[in-house]
Amino acid sequence: MGEGHAEETGTDSRSRVELQRFGVALRRTIGEMNRLVHGFAATQKLHPTDVHALSFVLDHADTATPGLVKEHLGLTSGAVTACLDRLEKAGHIRRSRADGDRRVVRIHYVQGARAVARAYFMPLAQAADRAGDRFTDDELAVVLRYLDALNEELGELRVPRH
């Protein structure tokens, strides 16, 4: 029983260390991504939150709406309106009214703005390619499955407003 307990403690300890290392690596990745987001925001005279909204519009499966941006980013209606105003003024998005219901606003990523974002973030894509080259296709599939699962879990979390 003593040996089994020692093994469990060693395994638990190793797992804890690995989880801590993973947490540090994930925070570092988030920090590096934030550094790039802040840089892009500065070059475009935007707020970093605007870039997060822009990413949401780009990655959203359907046409995004101000309400979806509000929910995703946890912002107030006024903050979303200000954010979208800045993005529209900077030429990154355009807003349109839905044909069936003029009260519904749709957000569209402006094609020319995509080229600006692609040019800025090209080094990120190249770094991801170089990092990916260090792994087999099967390993990358596991990483992608993990990231999809993590994003799904994180997407369920909501930050409480005060």
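In what follows, the accompanying structure is described. Residue numbering note: each chain is counted from 1, following its sequence as written. Where local features are concerned, this predicted model is filtered to residues with pLDDT of at least 70; where side-chain atom pairs are given and counted, the filter is 80 or more; whole-chain, interface and lining totals use all residues. Water and hydrogen atoms were dropped before computing side-chain values, which therefore reflect all heavy atoms in the structure.

1. Details of the packing of aromatic side chains
Each aromatic ring pair is described using two quantities: the centre-to-centre distance and the angle formed by the ring planes.
Stage number 1. Between the rings of Phe, Tyr and Trp (Trp by its six-membered ring), a pair exists once the centres lie within 6.5 Å; its type follows the angle of the planes, with under 30 degrees stacked, over 60 edge-to-face, and the other angles tilted. In the structure shown here, the tally under the stated rule is 4 aromatic pairs.
Stage number 2. Judged by centre distance (5.1 Å) and plane angle (45°), the ring pair of Phe40 and Phe121 falls under tilted. Taken together, the residues Phe40 in helix 1 (residues 2-43) and Phe121 in helix 5 (residues 111-132) connect sequence positions 81 residues apart.
Stage number 3. Relative accessibility under 20% of the residue-type maximum defines a buried residue, over 50% an exposed one, and the middle range a partly exposed one, all with a 1.4 Å probe and only protein chains included. What makes Phe40 buried here is its relative accessible area of 1%.
Stage number 4. Three or more aromatic residues link up through ring pairs in this structure, and these residues are Phe40, Tyr120 and Phe121. Only DSSP runs of H or I covering at least 4 residues are called helices, and only runs of E covering at least 2 are called strands; the numbering of each starts at the N terminus.

2. Let's talk about the pattern of salt bridges
Two side chains with opposite charge may pair up if their charged atoms get near one another.
Stage number 1. Between Lys or Arg on one side and Asp or Glu on the other, a salt bridge is scored when a side-chain nitrogen of the former is within 4 Å of a carboxyl oxygen of the latter. The tally for this structure, following the rule as stated, stands at 5 salt bridges.
Stage number 2. With a closest N to O distance of 2.7 Å, Arg35 and Glu32 form a salt bridge. Residue Arg35 and its partner Glu32 are both found in helix 1; the two are separated by 3 residues, about one turn of the helix.
Stage number 3. Residue classification places Arg35 among the exposed residues on the basis of a relative accessible area of 53%.
Stage number 4. Ionic pairing is found between Glu88 and Arg95, a salt bridge with its closest N-O pair at 2.9 Å.

3. Looking at the side chain of Asp50
Stage number 1. Mapped onto the elements of the fold, Asp50 is located in helix 2 (residues 48-59).
Stage number 2. Note on Asp50: relative accessible area 0%, which makes it buried.
Stage number 3. For this analysis, a polar contact is any N or O atom pair within 3.5 Å, provided that within protein one partner can donate a hydrogen and the other can accept it, and provided that sequence-adjacent residues contribute only side-chain to side-chain pairs. Polar side-chain contacts of Asp50 include one of 2.7 Å to the side chain of Arg86.
Stage number 4. Should any heavy atoms of two residues lie within 4.5 Å, those residues are counted as being in contact. For Asp50, the contacting residues outside a window of four places in its chain are Cys83, Arg86 and Leu87.

4. Observations concerning the nonpolar core
Stage number 1. Joining through side-chain atoms within 4.5 Å is the link that ties buried Ala, Val, Leu, Ile, Met, Phe, Trp, Tyr and Cys residues into a set, and such a set is a nonpolar core. Counting residues in hydrophobic clusters, the biggest one holds 21 residues, and the most contacted among them are Val69, Leu87 and Ile107.
Stage number 2. Elements with a contribution of two residues or more to this core: helix 1, helix 2, helix 4 (77-89), strand 2 (105-109) and helix 5.
Stage number 3. Residue contributions to this core peak at 5 residues, all from helix 2.
Stage number 4. When residues no more than four places from it in sequence are discounted, the contact partners of Ile107 are Val57, Thr63, Ala64, Thr65, Pro66, Val69, Leu84, Ile93 and Arg94.

5. Observations concerning the environment of Glu18
Stage number 1. Locating Glu18 in the fold gives a position in helix 1.
Stage number 2. With 113 residues separating them in the primary sequence, Glu18 and Ala131 have C-alpha atoms 20 Å apart.

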